[in-house]
Amino acid sequence: MTLKGLPPEIVRIANDIRDMRIRGAGRIARAAAEALKIAAENYRGPERASEFVDYMNKVGEYLKSTRPTAVSLPNAVGYVLTRVNQALVKGLSLEEMKRIAIESAVNFIEISIRAVKLIGEIGAKIISDGETILTHCNSSAAISILSHAKMQGKDLEVYATETRPKFQGYITFKALRNLSIKAKIIPDSAVRYIMKEVDRVIVGADAVAANGAVVNKIGTSLIALAAHEARVRVFVAAESYKFSPATVLGELVVIEERSPLEVVPEDFVKSYPNVTIRNPAFDVTPPEYIDAIITEKGLIPPKAAILVLTEEYGRVIEEELTRISPEEL
Amino acid sequence: MESTVDRIGSFKIYSSTDVVFEGLKLVCEIFDRASTLEEAVKVTALAVKSLVSARPTSVMLLNSLRRMLKRVSSELDVTEDLKPIRALVREEYRRLRQEIVEASEAVASIGSRRISDGDVILTNSYSKTVLGVLRKAKERGVKFQVYVVESRPGAEGLLTAAELNRIGVPITLFVDSAVRYFMKDVDKVLVSAEAIAANGAVVNKVGTSLIALAAHEARVRVFVAASTLKFSPETIFGELVKITLRPAEYLVKEAVENLRDLSAFELPIFDVTPPEYIDAIITEKGVVAPEAVILLVREIYGWPPRLRDINELIEEIERKVGLR
């Protein structure tokens, strides 16, 4: 999807999200809010409020089309656009509406950053001194917990899985080393081997469904299974904007499959025509393998996800429900 | 000698069958090149020790070398000439090689019967035995497809996929962490073994136990294809199979260049799958439950198993040629 006359910065942000130069659900969400702010600041269309709203909605759709799985992306876009659309209903002027768009984008970014910090503070409390922790991929919220625990003077040792195919584990490894936290890298396949030494698993989330199932980097559900087998507790660090209101309405979170070239080089693909490379970016961890989800509002059992959803998105969900009911009845 | 040991130690030779072939060949070459019996024994002692420590997990290597050394030792009671011993070493190499090939073919034959039309078979790493089973099933006209995991560190899954590509079955390849994601589509897991302990636990490429766990959760059957030469009689006496550890650089060399402080820790190459996650072990003597491994061990090694420690055997041979 392309839009004529979009500021190049927005196109760049969209491409960066799609090509994973901007990765991680939190960063993606903040980048999308930033893009909407830029869109509002640079609006050069007809001087009519309704035209502006149309334009903003289109930019929102364009941004949402970049990555299908991260719920934080539509939630960030929704956060800004709900407020813009409400302003239109109220009959506010174009200038007022631009101001509201910019303000809500800035607000979202601030809320998001604060959420990561709050999660760190809450999550750090559950960690005891001397624990060995396993994490997967690269999650700002999970690292925030580890860094807060470290600041509290707790001595930690962290295993970071290397996280194929894109090796985000090395980013985590470096971040932990910079925080002077003892860290080791293990291949994804060694998770069960190492689990005996692990006291706690802490991972991030890309999306949390209405039933408390957590969508996160491929391999998370396997780690949770191995932890479950070894009776090691599993904690998911997730800001409330990662909860998916659409799942309340029965929608499934789409699991994105990415390019084979992230897994093997191009000549491998060409040389072996009978080989299909599949590269799902995420998997779903069922709530029964998760001990708690740590949000900025507090720690909740996964099956209470609906609580966060109705609290945060109650109005959106209700609106959607009234919209779909008449046709389906 | 160094190059064979190095290639085994660095997993350039990965398949445990190849490891045994190369190891035994090395001993043959040592006897061929030596000009005296003492020299041959001296170098062999060194080679055997380095081979075993390069791949301590490979029970088939240990069992094969032990058998060869036992033959040498008893032959030394009859003669002290280099020539007949050299011939004996060659003959034992040929015999062991043939035995391993025949066992592998029998495993392939028996195992291929467990593969049915429409099956999706999941495998990992690179195993001559597993490939044999799949090749045989294809020859029998069974229509199946294979899911192969990349199998880091080492990524031998790519080799397996390449080889299966030639056999002409549809293959799907994915990263190790996607195993649970795809398990719903899988009918059977088929893996190999580096060693099998007395309780039926299977030592194999790291990640195997994770696959078996995910299969267990999804109620997918797990089969291990392995000849009885991979059974470890030592484990009856409480020995643990040593899990090979490798420096972390081995894992990350190709991934991130600027992490130089990784040498501080080591990574496992193998892991142990408990017998409760294994449905059956396919051996050349038939399909057995992992808990019945002990019966085959008794059949092969007697009860209690009569075992010679490989280091004691080396010392005995050295004594017989006057090196001690």
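Residues numbered from 1 in each chain as written. Chains lettered and ligands numbered in written order. Predicted model: local features only at pLDDT ≥ 70, side-chain atom pairs only at ≥ 80, totals over all residues. Heavy atoms only, no water.

Novice: Any chance you could explain the domain arrangement of chain A here in plain terms?
Specialist: A common measure of how large an interface is: the accessible area buried when the components associate. Residue and element names in this part refer to chain A. Split into domains, chain A comes out as domain 1 (8–117) and domain 2 (125–318). Relative placement of domain 1 and domain 2: their C-alpha centres are 26 Å apart. Both sides together, the interface formed by domain 1 and domain 2 hides about 1,900 Å², and carbon and sulfur atoms give 56% of it. Summed over the three residues of domain 1 that lose the most area to domain 2, namely M20, T69 and V116, the buried surface amounts to 27% of that side. Of the charged contacts, one joins E256 and R67 as a salt bridge, the two residues approaching to 2.6 Å between their closest N and O atoms. On inspection of domain 1 and its partner domain 2, the count reaches 13 residue pairs in polar contact (both at pLDDT 80 or more). (Domains from an automatic or database assignment. Buried area = accessible area lost by both parts, 1.4 Å probe. Salt bridge = Lys/Arg side-chain N within 4 Å of Asp/Glu carboxyl O. Polar contact = N/O pair within 3.5 Å; in protein donor to acceptor, adjacent residues only side chain to side chain.)

Novice: Can you help me understand the packing of aromatic side chains in this one?
Specialist: For any two aromatic rings, the description comes down to two numbers: the centre-to-centre distance and the angle of the planes. Residues and elements named next belong to chain B. Scanning the model with the defined rule gives twelve aromatic pairs over all chains in all. For the pair F11 and Y14, a centre-to-centre distance of 6.1 Å together with 35 degrees between the ring planes defines the contact as tilted. By relative accessible area, Y14 is classed as buried at 7%. Through a chain of ring-to-ring contacts, the aromatic side chains of Y147, F174, Y181 and F182 assemble into a single cluster. (Phe/Tyr/Trp six-rings, centres within 6.5 Å; stacked < 30°, edge-to-face > 60°. Buried < 20%, exposed > 50% of the residue type's maximum accessible area, 1.4 Å probe, protein only.)

Novice: Would you take a moment to explain the sheet that holds strand 7 (residues 221–225) of chain B for this structure?
Specialist: Think of a sheet as strands paired side by side through backbone hydrogen bonds, with each pair either parallel or antiparallel. The strand order across the open sheet built from eight strands is 8(A)-3(B)-2(B)-1(B)-4(B)-7(B)-11(B)-12(B), with neighbouring strands paired in mixed fashion. Two strands lie at the open edges of the sheet, namely strand 8 (275–277) of chain A together with strand 12 (286–288) of chain B, each paired on one side alone. Shown here is a sheet whose adjacent strand axes are inclined to one another by a mean of 25 degrees, direction ignored. Sheet strands touched by helix 5 (residues 82–112) of chain B: strand 7, strand 11 (280–283) and strand 12 of chain B. Its angle to strand 11 of chain B, the strand with the most contacts, is close to 135 degrees. (Pairing = 2+ DSSP bridges. Helix = DSSP H or I, 4+ residues; strand = E, 2+ residues; numbered from the N terminus. Axes fitted to C-alpha atoms, helices over the stretch in contact; angles between N-to-C directions. Contact = heavy atoms within 4.5 Å.)

Novice: Please explain the pattern of salt bridges as it appears in this structure.
Specialist: One pass over the full model with this rule turns up 47 salt bridges over all chains. E262(A) is the partner of R258(A) in a salt bridge, and the nearest nitrogen-oxygen pair spans 2.8 Å. As far as burial versus exposure is concerned, R258(A) and E262(A) are alike and both buried. Between R55(B) and E194(B) there is a salt bridge, and its shortest N-O distance comes to 2.8 Å. Of this pair, R55(B) sits in the loop between helix 3 (37–54) and helix 4 (59–76) while E194(B) sits in the loop between strand 4 (188–191) and strand 5 (195–196), and the two are 139 residues apart along the sequence. Exposure remark for R55(B): the relative accessible area of 1% places this residue in the buried category. One salt-bridge network, in which partners are shared between bridges, spans R67(B), R71(B), E91(B), E92(B), R95(B) and E99(B).

Novice: I tried to follow the interface of chain B and chain A on my own but got confused; where do I start?
Specialist: In this assembly, 48 residues from chain B lie in contact with 45 residues from chain A. The largest per-residue losses of area from chain B upon contact with chain A belong to R180(B), Y181(B) and L210(B), which jointly make up 17% of the total buried on that side. Inspection of the region where chain B meets chain A yields two salt bridges. Taking the shortest distance from any N to any O, the salt bridge between R164(A) and E150(B) comes out at 2.4 Å. At the junction of chain B with chain A, the criterion picks out 17 residue pairs in polar contact (both at pLDDT 80 or more). Ranked by the residues each element gives to the side of chain B that touches chain A, the list is headed by helix 9 (residues 208–217) of chain B, at five residues. Class assignment for the residues of the side of chain B that touches chain A results in 33 nonpolar, seven polar and eight charged. Of the pairings in the sheet, the one linking strand 8 of chain A to strand 3 (residues 171–174) of chain B comprises three bridges and is parallel in character. (Nonpolar A, V, L, I, M, F, W, Y, C, P; charged D, E, K, R; others polar.)

Novice: Would you mind showing me how to read empty space enclosed by the protein here?
Specialist: Rolled over the atoms, a probe as big as a water molecule pinpoints where empty space is left. Under the counting rule described, the total for this entry stands at nine cavities of 30 Å³ or more. G24(A), A25(A), C137(A), N138(A) and D206(A) are, among the 23 residues lining the largest cavity, the residues nearest its centre. Where the lining of the largest cavity is concerned, the elements lending two or more residues are helix 2 (25–41), helix 6 (140–151) and strand 6 (214–217) of chain A. Tallying contributions element by element places helix 2 of chain A first for the lining of the largest cavity, with four residues. Residues belonging to the lining of the largest cavity are distributed by class as follows: seven nonpolar, nine polar and seven charged. Inspection of the lining of the largest cavity shows a minimum of three residues originating in each of domain 1 (8–117) and domain 2 (125–318) of chain A. Looking at the lining of the second largest cavity, the elements with two or more residues in it are helix 2 (16–33) and helix 6 (128–139) of chain B. For the lining of the second largest cavity, the residue count by class is four nonpolar, nine polar and four charged. (1 Å grid on protein atoms, 1.4 Å probe; cavity = no way out; pocket = protein on both sides within 12 Å on 5 of 7 lines; lining within 4 Å. Points joined across faces, edges and corners; volume = space filled by probe spheres on them.)

Novice: What is the right way to look at unusual backbone geometry in this model?
Specialist: Trans peptide bonds make up most of the peptide bonds, and negative phi angles are found at most residues other than glycine. Note that the residue after R164(A), namely P165(A), is joined by a cis bond; omega there is 0 degrees. Counting through the fold element by element, P165(A) comes out in the loop between strand 2 (157–161) and helix 7 (169–178). The omega angle of the peptide bond from R152(B) to P153(B) is -5 degrees, so this bond is cis rather than trans. Mapped onto the fold, P153(B) is located in the loop between strand 2 (145–149) and helix 7 (157–167). Phi at C137(A) is positive, roughly 60 degrees, even though this residue is not glycine. Tracing the chain through its elements places C137(A) in the loop between strand 1 (132–135) and helix 6.

Novice: Just to check I follow, could you spell out the sheet that holds strand 3 (residues 182–186) of chain A for this structure?
Specialist: Residue and element names in this part refer to chain A. What the seven strands build is an open sheet, ordered 3-2-1-4-7-10-11; its pairing is mixed. In this open sheet, the two strands that pair with only one neighbour each are strand 3 and strand 11 (298–300). Averaged over all pairs of adjacent strands, the angle between strand axes in this sheet comes to 25 degrees, irrespective of strand direction. Of the strands in this sheet, strand 7 (233–237), strand 10 (292–295) and strand 11 are in contact with helix 5 (residues 94–125), which crosses strand 10 at around 140 degrees. Strand contacts of helix 7: strand 1, strand 2 and strand 3, with the helix running at about 165 degrees to strand 3, the strand carrying the most contacts.

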